[in-house]
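If you want the building blocks of each chain, they are given just below.
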Amino acid sequence: MPAAIWAGDGANNSTELLTAGRADEALRALTPQAAGNNAAAFNLLGRVYFAMEDWDNAVRNCERAVQLEPRNAMYQLWLGRSYGEKANVSNMILAFPLARKTVAAFAAAHALDRQNMAIAHDLAEYYATAPAIVGGGAGKALALAAELEPEHPSDAAWVRAMVDADAGHFEEAEREYAEEIRLDHNSAVSCLDLAHFLKGRKSWDRVQQTVERAMQSAQIRPADRYNAAELLLRCHRNLDEAARLLRPIFKETHRRGSSGVSRHLLLGEIFQSTGDTTQAAAEYKAALGLASGYRPAWEALRRLEKR
(Lines give C-alpha, C1' and ligand atoms only; values in the text may rest on other atoms or scores of the structure.)
Protein backbone atom coordinates (compact mmCIF):
# COMPACT_ATOMS: atom_id res chain seq x y z
CA MET A 1 0.00 0.00 0.00
CA PRO A 2 1.44 3.44 -0.87
CA ALA A 3 2.67 5.32 2.16
CA ALA A 4 0.99 8.47 0.83
CA ILE A 5 -2.43 7.11 1.78
CA TRP A 6 -1.53 7.69 5.41
CA ALA A 7 -0.16 11.21 5.00
CA GLY A 8 -2.08 14.07 6.57
CA ASP A 9 -5.37 13.84 8.45
CA GLY A 10 -6.31 10.34 9.57
CA ALA A 11 -10.03 10.88 9.08
CA ASN A 12 -9.50 11.92 5.45
CA ASN A 13 -7.31 8.90 4.80
CA SER A 14 -9.88 6.57 6.32
CA THR A 15 -12.54 8.12 4.11
CA GLU A 16 -10.38 7.29 1.09
CA LEU A 17 -10.11 3.69 2.26
CA LEU A 18 -13.86 3.50 2.80
CA THR A 19 -14.76 4.91 -0.61
CA ALA A 20 -12.22 2.58 -2.23
CA GLY A 21 -13.95 -0.35 -0.55
CA ARG A 22 -10.88 -1.31 1.48
CA ALA A 23 -12.87 -2.08 4.60
CA ASP A 24 -10.26 -4.15 6.44
CA GLU A 25 -7.65 -1.40 6.10
CA ALA A 26 -10.20 1.21 7.17
CA LEU A 27 -11.05 -0.84 10.27
CA ARG A 28 -7.39 -1.13 11.20
CA ALA A 29 -6.91 2.61 10.76
CA LEU A 30 -10.07 3.72 12.56
CA THR A 31 -10.36 1.33 15.50
CA PRO A 32 -7.55 2.96 17.51
CA GLN A 33 -8.89 6.43 16.66
CA ALA A 34 -12.46 5.66 17.76
CA ALA A 35 -11.92 6.52 21.39
CA GLY A 36 -12.64 9.39 23.72
CA ASN A 37 -14.31 12.33 21.99
CA ASN A 38 -13.34 11.54 18.40
CA ALA A 39 -16.82 11.73 16.88
CA ALA A 40 -15.52 11.71 13.30
CA ALA A 41 -13.70 8.40 13.86
CA PHE A 42 -16.78 6.81 15.44
CA ASN A 43 -18.92 7.95 12.51
CA LEU A 44 -16.49 6.62 9.92
CA LEU A 45 -16.11 3.37 11.80
CA GLY A 46 -19.88 3.02 11.84
CA ARG A 47 -19.96 3.61 8.10
CA VAL A 48 -17.36 0.90 7.51
CA TYR A 49 -19.47 -1.57 9.47
CA PHE A 50 -22.51 -0.34 7.56
CA ALA A 51 -20.73 -1.17 4.29
CA MET A 52 -20.01 -4.65 5.67
CA GLU A 53 -23.70 -5.03 6.67
CA ASP A 54 -22.71 -5.45 10.31
CA TRP A 55 -25.67 -3.50 11.59
CA ASP A 56 -25.02 -3.94 15.33
CA ASN A 57 -21.56 -2.41 15.12
CA ALA A 58 -22.77 0.23 12.68
CA VAL A 59 -25.45 1.31 15.17
CA ARG A 60 -23.09 1.22 18.14
CA ASN A 61 -20.48 3.46 16.54
CA CYS A 62 -22.93 5.84 14.86
CA GLU A 63 -24.75 6.25 18.18
CA ARG A 64 -21.48 7.23 19.83
CA ALA A 65 -20.76 9.81 17.12
CA VAL A 66 -24.19 11.39 17.63
CA GLN A 67 -23.81 11.35 21.40
CA LEU A 68 -20.60 13.34 21.00
CA GLU A 69 -21.88 15.71 18.31
CA PRO A 70 -25.69 15.66 18.25
CA ARG A 71 -25.86 18.73 15.98
CA ASN A 72 -23.94 17.12 13.15
CA ALA A 73 -26.53 16.40 10.45
CA MET A 74 -24.48 13.75 8.65
CA TYR A 75 -23.88 11.81 11.84
CA GLN A 76 -27.64 11.80 12.43
CA LEU A 77 -28.20 10.62 8.85
CA TRP A 78 -25.84 7.65 9.16
CA LEU A 79 -27.33 6.74 12.52
CA GLY A 80 -30.79 6.73 10.95
CA ARG A 81 -29.57 4.57 8.09
CA SER A 82 -27.99 2.12 10.51
CA TYR A 83 -31.15 1.88 12.61
CA GLY A 84 -33.18 1.35 9.44
CA GLU A 85 -31.06 -1.49 8.12
CA LYS A 86 -31.02 -3.18 11.51
CA ALA A 87 -34.81 -2.85 11.67
CA ASN A 88 -35.10 -4.56 8.27
CA VAL A 89 -33.44 -7.73 9.59
CA SER A 90 -35.01 -7.74 13.06
CA ASN A 91 -38.15 -9.41 14.34
CA MET A 92 -41.29 -7.33 14.79
CA ILE A 93 -40.68 -6.71 18.49
CA LEU A 94 -37.26 -5.17 17.84
CA ALA A 95 -38.09 -3.61 14.47
CA PHE A 96 -40.81 -1.31 15.83
CA PRO A 97 -38.62 0.78 18.18
CA LEU A 98 -35.76 0.73 15.66
CA ALA A 99 -38.07 2.15 12.99
CA ARG A 100 -39.10 4.95 15.33
CA LYS A 101 -35.43 5.69 16.01
CA THR A 102 -34.77 5.69 12.27
CA VAL A 103 -37.26 8.41 11.47
CA ALA A 104 -36.25 10.42 14.55
CA ALA A 105 -32.64 10.49 13.36
CA PHE A 106 -33.64 11.39 9.79
CA ALA A 107 -35.91 14.18 11.04
CA ALA A 108 -33.16 15.51 13.31
CA ALA A 109 -30.71 15.49 10.40
CA HIS A 110 -33.16 17.36 8.19
CA ALA A 111 -33.86 19.96 10.87
CA LEU A 112 -30.11 20.57 11.15
CA ASP A 113 -29.49 20.85 7.39
CA ARG A 114 -32.49 21.48 5.18
CA GLN A 115 -30.31 22.00 2.10
CA ASN A 116 -28.83 18.50 2.19
CA MET A 117 -30.71 16.49 -0.41
CA ALA A 118 -29.30 13.12 0.68
CA ILE A 119 -30.96 13.71 4.05
CA ALA A 120 -34.18 14.97 2.49
CA HIS A 121 -34.33 11.90 0.23
CA ASP A 122 -33.98 9.42 3.08
CA LEU A 123 -36.57 11.22 5.18
CA ALA A 124 -38.98 11.50 2.24
CA GLU A 125 -38.64 7.83 1.36
CA TYR A 126 -39.33 6.88 4.97
CA TYR A 127 -42.39 9.12 5.21
CA ALA A 128 -43.77 7.89 1.88
CA THR A 129 -43.35 4.16 2.50
CA ALA A 130 -43.55 3.59 6.28
CA PRO A 131 -46.88 3.30 8.11
CA ALA A 132 -48.05 6.04 10.44
CA ILE A 133 -47.61 3.81 13.49
CA VAL A 134 -43.84 4.07 13.06
CA GLY A 135 -43.73 7.73 12.07
CA GLY A 136 -44.43 7.56 8.35
CA GLY A 137 -47.44 8.79 6.46
CA ALA A 138 -48.53 10.38 3.20
CA GLY A 139 -49.30 13.71 4.85
CA LYS A 140 -45.74 14.07 6.14
CA ALA A 141 -44.31 13.05 2.79
CA LEU A 142 -46.44 15.54 0.88
CA ALA A 143 -45.55 18.31 3.33
CA LEU A 144 -41.88 17.59 2.68
CA ALA A 145 -42.56 17.58 -1.08
CA ALA A 146 -44.12 21.03 -0.76
CA GLU A 147 -41.03 22.20 1.12
CA LEU A 148 -38.76 20.89 -1.64
CA GLU A 149 -40.88 22.15 -4.56
CA PRO A 150 -39.49 25.72 -4.93
CA GLU A 151 -35.81 24.76 -5.28
CA HIS A 152 -36.02 21.04 -6.09
CA PRO A 153 -39.17 20.42 -8.16
CA SER A 154 -37.97 17.10 -9.60
CA ASP A 155 -37.36 15.75 -6.11
CA ALA A 156 -40.82 16.92 -5.06
CA ALA A 157 -42.30 14.99 -8.00
CA TRP A 158 -40.36 11.91 -6.91
CA VAL A 159 -41.83 12.15 -3.40
CA ARG A 160 -45.35 12.50 -4.75
CA ALA A 161 -44.75 9.50 -7.01
CA MET A 162 -43.77 7.36 -4.01
CA VAL A 163 -46.87 8.47 -2.11
CA ASP A 164 -49.11 7.58 -5.07
CA ALA A 165 -47.39 4.21 -5.54
CA ASP A 166 -47.72 3.34 -1.87
CA ALA A 167 -51.44 4.17 -2.04
CA GLY A 168 -51.90 1.95 -5.10
CA HIS A 169 -52.50 4.90 -7.43
CA PHE A 170 -50.18 3.54 -10.09
CA GLU A 171 -51.19 5.70 -13.05
CA GLU A 172 -50.75 8.85 -10.97
CA ALA A 173 -47.42 7.55 -9.71
CA GLU A 174 -46.14 6.95 -13.22
CA ARG A 175 -47.19 10.46 -14.26
CA GLU A 176 -45.21 11.90 -11.35
CA TYR A 177 -42.15 9.80 -12.26
CA ALA A 178 -42.43 11.10 -15.83
CA GLU A 179 -42.59 14.64 -14.44
CA GLU A 180 -39.51 13.98 -12.31
CA ILE A 181 -37.63 12.82 -15.41
CA ARG A 182 -38.73 15.89 -17.38
CA LEU A 183 -37.80 18.33 -14.63
CA ASP A 184 -34.44 16.65 -14.07
CA HIS A 185 -33.61 16.75 -17.78
CA ASN A 186 -33.64 12.98 -18.32
CA SER A 187 -31.01 12.31 -15.67
CA ALA A 188 -30.04 8.70 -15.11
CA VAL A 189 -31.14 8.78 -11.50
CA SER A 190 -34.65 9.98 -12.35
CA CYS A 191 -35.03 7.31 -15.05
CA LEU A 192 -33.86 4.67 -12.57
CA ASP A 193 -36.47 5.86 -10.08
CA LEU A 194 -39.09 5.00 -12.69
CA ALA A 195 -37.37 1.68 -13.39
CA HIS A 196 -37.56 0.73 -9.70
CA PHE A 197 -41.28 1.53 -9.72
CA LEU A 198 -41.79 -0.60 -12.84
CA LYS A 199 -39.87 -3.45 -11.21
CA GLY A 200 -42.40 -3.37 -8.37
CA ARG A 201 -45.14 -3.62 -11.00
CA LYS A 202 -43.29 -6.61 -12.60
CA SER A 203 -43.16 -4.78 -15.93
CA TRP A 204 -39.92 -6.50 -16.90
CA ASP A 205 -39.68 -5.30 -20.50
CA ARG A 206 -40.28 -1.71 -19.49
CA VAL A 207 -37.73 -2.00 -16.68
CA GLN A 208 -35.09 -2.98 -19.22
CA GLN A 209 -36.13 -0.23 -21.61
CA THR A 210 -36.03 2.38 -18.86
CA VAL A 211 -32.63 1.22 -17.62
CA GLU A 212 -31.32 1.48 -21.18
CA ARG A 213 -32.75 4.98 -21.39
CA ALA A 214 -31.04 5.88 -18.11
CA MET A 215 -27.68 4.70 -19.40
CA GLN A 216 -28.05 6.95 -22.46
CA SER A 217 -28.45 10.03 -20.27
CA ALA A 218 -25.92 12.85 -20.33
CA GLN A 219 -26.11 12.85 -16.51
CA ILE A 220 -24.75 9.55 -15.19
CA ARG A 221 -22.91 8.96 -11.91
CA PRO A 222 -20.94 5.81 -11.07
CA ALA A 223 -23.64 4.92 -8.54
CA ASP A 224 -26.24 5.04 -11.33
CA ARG A 225 -24.34 2.35 -13.23
CA TYR A 226 -24.32 0.19 -10.12
CA ASN A 227 -28.07 0.66 -9.61
CA ALA A 228 -28.76 -0.05 -13.28
CA ALA A 229 -26.75 -3.27 -13.12
CA GLU A 230 -28.59 -4.35 -9.99
CA LEU A 231 -31.96 -3.71 -11.62
CA LEU A 232 -31.01 -5.77 -14.66
CA LEU A 233 -29.84 -8.61 -12.42
CA ARG A 234 -33.01 -8.63 -10.29
CA CYS A 235 -35.13 -8.69 -13.45
CA HIS A 236 -32.76 -11.19 -15.08
CA ARG A 237 -32.45 -9.06 -18.20
CA ASN A 238 -29.39 -8.28 -20.34
CA LEU A 239 -26.86 -9.64 -17.85
CA ASP A 240 -23.95 -9.04 -20.20
CA GLU A 241 -24.76 -5.34 -20.10
CA ALA A 242 -25.14 -5.50 -16.31
CA ALA A 243 -21.62 -6.93 -16.02
CA ARG A 244 -20.25 -4.30 -18.42
CA LEU A 245 -21.71 -1.51 -16.31
CA LEU A 246 -19.78 -2.73 -13.28
CA ARG A 247 -16.42 -2.99 -15.00
CA PRO A 248 -15.21 0.55 -14.25
CA ILE A 249 -13.62 0.99 -10.83
CA PHE A 250 -16.00 3.16 -8.84
CA LYS A 251 -14.66 6.31 -7.24
CA GLU A 252 -17.63 7.12 -5.04
CA THR A 253 -19.70 5.41 -2.39
CA HIS A 254 -23.29 4.55 -3.19
CA ARG A 255 -26.14 4.51 -0.68
CA ARG A 256 -25.69 1.01 0.69
CA GLY A 257 -21.99 0.57 1.18
CA SER A 258 -18.44 0.86 0.00
CA SER A 259 -18.20 0.74 -3.75
CA GLY A 260 -15.48 -1.89 -4.14
CA VAL A 261 -16.97 -4.50 -1.82
CA SER A 262 -20.55 -4.36 -3.04
CA ARG A 263 -19.44 -4.04 -6.66
CA HIS A 264 -17.55 -7.35 -6.46
CA LEU A 265 -20.52 -9.03 -4.76
CA LEU A 266 -22.99 -7.84 -7.39
CA LEU A 267 -20.67 -8.75 -10.23
CA GLY A 268 -20.28 -12.21 -8.70
CA GLU A 269 -24.06 -12.61 -8.58
CA ILE A 270 -24.29 -11.61 -12.22
CA PHE A 271 -21.64 -14.13 -13.29
CA GLN A 272 -23.36 -16.82 -11.22
CA SER A 273 -26.66 -16.06 -12.94
CA THR A 274 -25.02 -16.56 -16.32
CA GLY A 275 -23.51 -19.88 -15.21
CA ASP A 276 -19.92 -18.63 -14.96
CA THR A 277 -19.25 -20.02 -11.50
CA THR A 278 -15.47 -19.67 -11.78
CA GLN A 279 -15.66 -15.92 -12.36
CA ALA A 280 -18.41 -15.61 -9.74
CA ALA A 281 -16.18 -17.24 -7.12
CA ALA A 282 -13.32 -14.93 -8.11
CA GLU A 283 -15.52 -11.87 -7.54
CA TYR A 284 -16.77 -13.11 -4.16
CA LYS A 285 -13.16 -13.72 -3.10
CA ALA A 286 -12.20 -10.25 -4.34
CA ALA A 287 -14.90 -8.78 -2.08
CA LEU A 288 -13.51 -10.76 0.86
CA GLY A 289 -10.03 -9.55 0.02
CA LEU A 290 -11.26 -6.03 0.73
CA ALA A 291 -13.55 -6.89 3.65
CA SER A 292 -12.77 -10.26 5.22
CA GLY A 293 -15.81 -10.06 7.51
CA TYR A 294 -18.29 -9.29 4.72
CA ARG A 295 -20.96 -11.88 5.45
CA PRO A 296 -22.91 -11.63 2.16
CA ALA A 297 -19.77 -12.59 0.21
CA TRP A 298 -18.98 -15.50 2.56
CA GLU A 299 -22.55 -16.77 2.25
CA ALA A 300 -22.56 -16.41 -1.53
CA LEU A 301 -19.26 -18.27 -1.80
CA ARG A 302 -20.48 -21.10 0.50
CA ARG A 303 -23.67 -21.50 -1.55
CA LEU A 304 -21.64 -21.60 -4.73
CA GLU A 305 -19.22 -24.22 -3.38
CA LYS A 306 -22.10 -26.48 -2.28
CA ARG A 307 -23.50 -26.71 -5.79
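Below: a short report on this structure. The residue numbers shown here count from 1 along each chain, following its written sequence. A pLDDT threshold of at least 70 governs which residues receive local features in this predicted model, and a stricter bar of 80 or more applies before side-chain atom pairs are shown or counted, although totals over entire chains, interfaces and linings include all residues. Side-chain metrics rest on all non-hydrogen atoms present in the structure, leaving aside hydrogens and water.

### Examining the overall build of the chain
Link 1 in the chain: For the chain, the count of helices and strands is 17 helices and zero strands.
Link 2 in the chain: The C-alpha atoms of the chain give 20 Å as radius of gyration, which agrees with the globular expectation for 307 residues (19 Å, within 12%).
Link 3 in the chain: Its C-alpha atoms give the chain principal-axis dimensions of roughly 55 × 50 × 40 Å.
Link 4 in the chain: Expressed as a percentage of the 307 residues in the chain, the buried residues total 49%.
Link 5 in the chain: Only heavy atoms enter the contact rule, under which two residues are in contact if any of them lie within 4.5 Å. Contacts spanning at least 24 positions in sequence make up 51% of the contacts within the chain whose residues lie at least 6 apart. Secondary structure counts use DSSP, requiring at least four H or I residues in a row for a helix and at least two E residues in a row for a strand, with both numbered from the N terminus. Note on method: radius of gyration uses C-alpha positions; expected globular size equals 2.2 Å times residues raised to 0.38. Relative accessibility thresholds used throughout: buried, under 20% of the residue-type maximum; exposed, over 50%; partly exposed, between the two (1.4 Å probe, protein chains only).

### A few points about a positive patch on the surface
Link 1 in the chain: Residues Arg295, Arg302, Arg303 and Lys306 make up a contiguous surface patch of positive charge.
Link 2 in the chain: Inspection of the secondary structure assignment puts arginine 295 in helix α17 (residues 295-306).
Link 3 in the chain: Look at arginine 295 and you get exposed, because its relative accessible area is 57%. The residues that make up patches have over 30% relative accessible area and no salt bridge, and they are joined within 9 Å when like-charged or within 5 Å when they are Val, Leu, Ile, Met, Phe, Trp or Tyr. Residue exposure ignores everything except the shown protein chains as possible cover, and the areas themselves are Shrake-Rupley values with a 1.4 Å probe. Salt bridge, as used here: a side-chain nitrogen of Lys or Arg that lies within 4 Å of a carboxyl oxygen of Asp or Glu. Positive charges come from Lys and Arg, negative ones from Asp and Glu, while His and the chain ends are left out of the count. Lys charges are placed at NZ, Arg charges at CZ, Asp charges at CG and Glu charges at CD.

### Brief notes about the state of the cysteines
Cysteine pairs can be linked by a disulfide, which is a covalent bond between their two sulfur atoms.
Link 1 in the chain: Only a pair of cysteine sulfur atoms within 2.5 Å qualifies as a disulfide here. Tallying each qualifying case throughout the model produces zero disulfides.
Link 2 in the chain: Here cysteine 235 stays free of any disulfide, with the sulfur of cysteine 191 as its closest cysteine sulfur at 15 Å.

### Let's talk about the environment of alanine 99
Link 1 in the chain: In this structure, alanine 99 sits in helix α6 (residues 92-112).
Link 2 in the chain: The buried category is assigned to alanine 99, whose relative accessible area is 12%.
Link 3 in the chain: Through-space distance from the C-alpha of alanine 99 to that of alanine 87 is 6.1 Å; in sequence the pair is 12 residues apart.
Link 4 in the chain: Excluding its chain neighbours within four sequence positions, the residues that come into contact with alanine 99 are Ala87, Tyr126 and Val134.

### A look at the packing of aromatic side chains
Link 1 in the chain: Any pair of Phe, Tyr and Trp rings, taking the six-membered ring for Trp, is counted once the centres come within 6.5 Å. Such a pair is stacked with planes under 30 degrees apart, edge-to-face with planes over 60 apart, and tilted for the rest. What the rule picks out here adds up to four aromatic pairs.
Link 2 in the chain: Here phenylalanine 50 and tryptophan 78 contribute two aromatic rings whose centre-to-centre distance is 5.2 Å and whose plane-to-plane angle is 85°, an arrangement assigned as edge-to-face. Highlighted residues: phenylalanine 50 in helix α3 (residues 39-51) and tryptophan 78 in helix α5 (residues 73-88), separated in sequence by 28 residues. For the pair phenylalanine 50 and tryptophan 78, one class covers both residues: buried.
Link 3 in the chain: Residues phenylalanine 170 and phenylalanine 197 carry aromatic rings whose centres are separated by 6.4 Å and whose planes lie at 45° to one another, so their mutual orientation is tilted. With a gap of 27 residues between them, phenylalanine 170 in helix α10 (residues 170-183) and phenylalanine 197 in helix α11 (residues 188-200) connect regions that are remote in the sequence.
Link 4 in the chain: For phenylalanine 170, a relative accessible area of 31% translates into the label partly exposed.

### Observations concerning the side chain of glutamate 283
Link 1 in the chain: By the secondary structure assignment, glutamate 283 is in helix α16 (residues 277-290).
Link 2 in the chain: No salt bridge is formed by the buried glutamate 283. Its closest oppositely charged neighbour is arginine 247, at 4.6 Å.

### What about the packing of helix α7 (residues 117-129) against helix α9 (residues 153-166)?
Link 1 in the chain: Lines fitted to C-alpha atoms define the axes here, with helix axes fitted over just the stretch in contact, and angles between the N-to-C directions of these axes take values from 0 to 180 degrees. Contact pair α7 / α9: the axes reach a minimum separation of 9 Å and the direction vectors enclose 20°. Relative to α9, the element α7 is oriented roughly parallel. In terms of crossing hand, the pair formed by α7 and α9 is right-handed. Here Met117, His121, Ala124, Glu125, Ala128 and Thr129 of α7 come into contact with α9, specifically with Asp155, Trp158, Val159, Met162, Val163 and Asp166.
Link 2 in the chain: When residue character is reported, Ala, Val, Leu, Ile, Met, Phe, Trp, Tyr, Cys and Pro are called nonpolar, Asp, Glu, Lys and Arg charged, and the others, Gly included, polar. Along the lines of polarity and charge, the residues of the contact of α7 with α9 split into seven nonpolar, two polar and three charged. Throughout this description, any angle smaller than 35 degrees is read as roughly parallel, any larger than 145 degrees as roughly antiparallel, any in the 65 to 115 degree range as roughly perpendicular, and the remainder as oblique. Helix crossings fall into two classes, left-handed where the near helix is turned counterclockwise from the far one by less than a right angle and right-handed where it is turned clockwise.

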